[in-house]
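Single-letter residue listing:
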Amino acid sequence: MRRSLIGRTWPNVIAVVLFVFFIFPVYWMIATAFKQDNDIISKTPVFIPFNGTLDHFTTAINAPNFWTYVTNSLIATVGAVVLSLVIATLAAFAIARMKFRGRKTFVLVVMVAQMAPWEVMTIAVYMISRDNEMLNSLVPLTFFYMMMVLPFTIWTLRSFIAAVPKELEESAMVDGCTRSQAFVKVIFPLLAPGLMSTSLFGFITAWNEFPLVLILNKEEGKTLPLWLSSFKTAFGNDWGATMAASTMFAIPVLILFVFLQRKAVGGLTDGAVKG
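Residues numbered from 1 in each chain as written. Predicted model: local features only at pLDDT ≥ 70, side-chain atom pairs only at ≥ 80, totals over all residues. Heavy atoms only, no water.

1. Let's talk about the overall build of the chain
Thinking step 1. For the chain, the helix and strand inventory stands at 13 helices and 2 strands.
Thinking step 2. Each of the 275 residues in the chain was classed as buried or not, and the buried ones make up 39%.
Thinking step 3. Put simply, of all contacts in the chain between residues at least 6 apart along the chain, 72% involve residues at least 24 apart.
Thinking step 4. Summing over all exposed atoms, the chain offers an accessible surface of approximately 16,600 Å²; the carbon and sulfur share of this is 69%. (Helix = DSSP H or I, 4+ residues; strand = E, 2+ residues; numbered from the N terminus. Buried < 20%, exposed > 50% of the residue type's maximum accessible area, 1.4 Å probe, protein only. Contact = heavy atoms within 4.5 Å. Areas by Shrake-Rupley, 256 points an atom, 1.4 Å probe, with all protein chains shown as cover.)

What follows is the structure in structure tokens.
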């Protein structure tokens, strides 16, 4: 009995330790955002900000161009996610349902593109944007983010489409639907878990991207990741404002994750084992 109890207990203990290990930096970020300046620079760690303040959030929100950066991040991120879903859905349907020459090669290219580091593309993207006078624009940024998440989106949605029985599509076509109508009315509604999981992945990837926007865009074209590095004073970094800004930066992703968590987790699992 004792061995059985120990066998059930130690995995839970390890899980708790790992949870605390990974969640503590997040807690420290949020706690620091509410601390007084003296508590932040104190040699004695202040784990719970009993005398909390919202001044750091006010400083962050009132920073120059804050709402411009918020708008830029939302436009580039949402635009990239929507474009990738539209293109990936059509590409995934073609891979999963149609037979054509080069199909296996295309699938291989998608896998290689997923594994390739996108940082190697920054010089090419910069030169293309410069030659077409599109520097400091959200257009190349949005398309680059779309390319970053497109391979994963295609691969995941392909698994979902392949898991849908062909008989459902054929039955709809027998009842008078065209192939396009059968896709929209039968297959597309069944892709909801896959669409949600890939949307979450794409949003997080594009929302957190830093190097490319640093290279392509100037002040008015920056996004929130660059804004986080702007809280400096004559005495060094303003850690209170930086932590408050980081907390606000994480809120949209947290809201999206809470909204999509059940469908997204199920979608990632199903997409990994089906097809």
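Next comes the rest of the account.
2. Here's the deal with the confidence of the model for the chain
Thinking step 1. Predicted confidence across the chain gives a mean pLDDT of 82, with 90% of residues reaching 70 or more.
Thinking step 2. Summarising per-element confidence for the chain, the mean pLDDT is lowest in strand S1 (residues 232-233) (64) and highest in helix H4 (residues 66-97) (90).
Thinking step 3. Low pLDDT, under 50, characterises residues 267-275; the predicted model gives this stretch 14 contacts beyond four residues in sequence or across chains. (pLDDT = per-residue confidence, 0-100.)

3. Some thoughts on the packing of H4 against helix H7 (residues 138-163)
Thinking step 1. Packing of H4 against H7 brings their axes to within 6 Å, and their N-to-C directions diverge by 35°. The crossing of H4 and H7 is right-handed.
Thinking step 2. Its residues assigned to classes, the contact of H4 with H7 comprises 23 nonpolar, 6 polar and 2 charged. (Axes fitted to C-alpha atoms, helices over the stretch in contact; angles between N-to-C directions. Left-handed = near helix turned anticlockwise from the far one by under 90°. Nonpolar A, V, L, I, M, F, W, Y, C, P; charged D, E, K, R; others polar.)

4. Let's talk about the environment of Ala192
Thinking step 1. Relative to the assigned elements, Ala192 resides in helix H10 (residues 192-207).
Thinking step 2. In this structure the C-alpha to C-alpha distance between Ala192 and Phe160, which are 32 residues apart in sequence, comes to 9.5 Å.

5. Quick look at the environment of Cys177
Thinking step 1. Here Cys177 is to be found in the loop between helix H8 (166-174) and helix H9 (179-190).
Thinking step 2. Cys177 gets classed as buried once you look at its relative accessible area, which sits at 18%.

6. Describing the nonpolar core
One recurring pattern in soluble globular proteins: nonpolar side chains tend to sit buried together.
Thinking step 1. Core analysis: the biggest nonpolar cluster contains 57 residues, and Leu141, Tyr145, Leu224 and Trp227 have the highest contact counts within it.
Thinking step 2. If one sorts the elements of this core by residue count, H4 sits on top with 13 residues.
Thinking step 3. Beyond its immediate sequence surroundings of up to four residues, Leu141 is in contact with Ala76, Leu212, Val213, Leu216, Asn217 and Thr223. (Core = buried A, V, L, I, M, F, W, Y, C linked by side-chain atoms within 4.5 Å.)

7. Comments concerning the side chain of Ser197
Thinking step 1. Within the secondary structure, Ser197 is located in helix H10.
Thinking step 2. A distance of 3.0 Å separates a polar atom in the side chain of Ser197 from the backbone oxygen of Gly194. (Polar contact = N/O pair within 3.5 Å; in protein donor to acceptor, adjacent residues only side chain to side chain.)

8. As for the packing of aromatic side chains
Geometrically, a pair of aromatic rings is defined through the distance of the ring centres and the angle of the planes.
Thinking step 1. Applying the stated criterion across every chain, the model contains 13 aromatic pairs.
Thinking step 2. Between the aromatic rings of Phe66 and Trp67, the centroid separation amounts to 4.6 Å while the plane-to-plane angle is 65°, which identifies the pairing as edge-to-face.
Thinking step 3. Its relative accessible area of 7% is what places Phe66 among the buried residues.
Thinking step 4. With a relative accessible area of 57%, Trp67 lands in the exposed category.
Thinking step 5. Counting every residue linked through ring pairs, the aromatic cluster contains Phe24, Tyr27, Trp28 and Phe47.
Thinking step 6. Between the NZ or CZ atom of Lys35 and the centre of the ring of Trp28, over which it lies, the distance is 3.5 Å. (Phe/Tyr/Trp six-rings, centres within 6.5 Å; stacked < 30°, edge-to-face > 60°. Lys NZ or Arg CZ within 6 Å of the ring centre and 35° of its normal.)

9. Considerations on the pattern of salt bridges
Thinking step 1. Using the criterion set out here, one finds 1 salt bridge in the structure.
Thinking step 2. Here Asp131 and Arg130 are joined by a salt bridge, their closest N and O atoms 3.3 Å apart.
Thinking step 3. Overall, the relative accessible area of 54% leaves Asp131 in the exposed class. (Salt bridge = Lys/Arg side-chain N within 4 Å of Asp/Glu carboxyl O.)

10. Quick look at the packing of H7 against H10
Thinking step 1. Interaxial distance between H7 and H10 falls to 9 Å at its minimum, and their mutual angle equals 160°. With respect to each other, H7 and H10 are oriented roughly antiparallel. Both H7 and H10 take part in a crossing whose hand is right-handed. Facing Tyr145, Met148, Val149, Phe152, Thr153, Thr156, Leu157 and Phe160 of H7, the residues of H10 in contact are Pro193, Gly194, Leu195, Ser197, Thr198, Phe201, Gly202, Thr205 and Ala206. (Parallel < 35°, antiparallel > 145°, perpendicular 65-115°, else oblique.)

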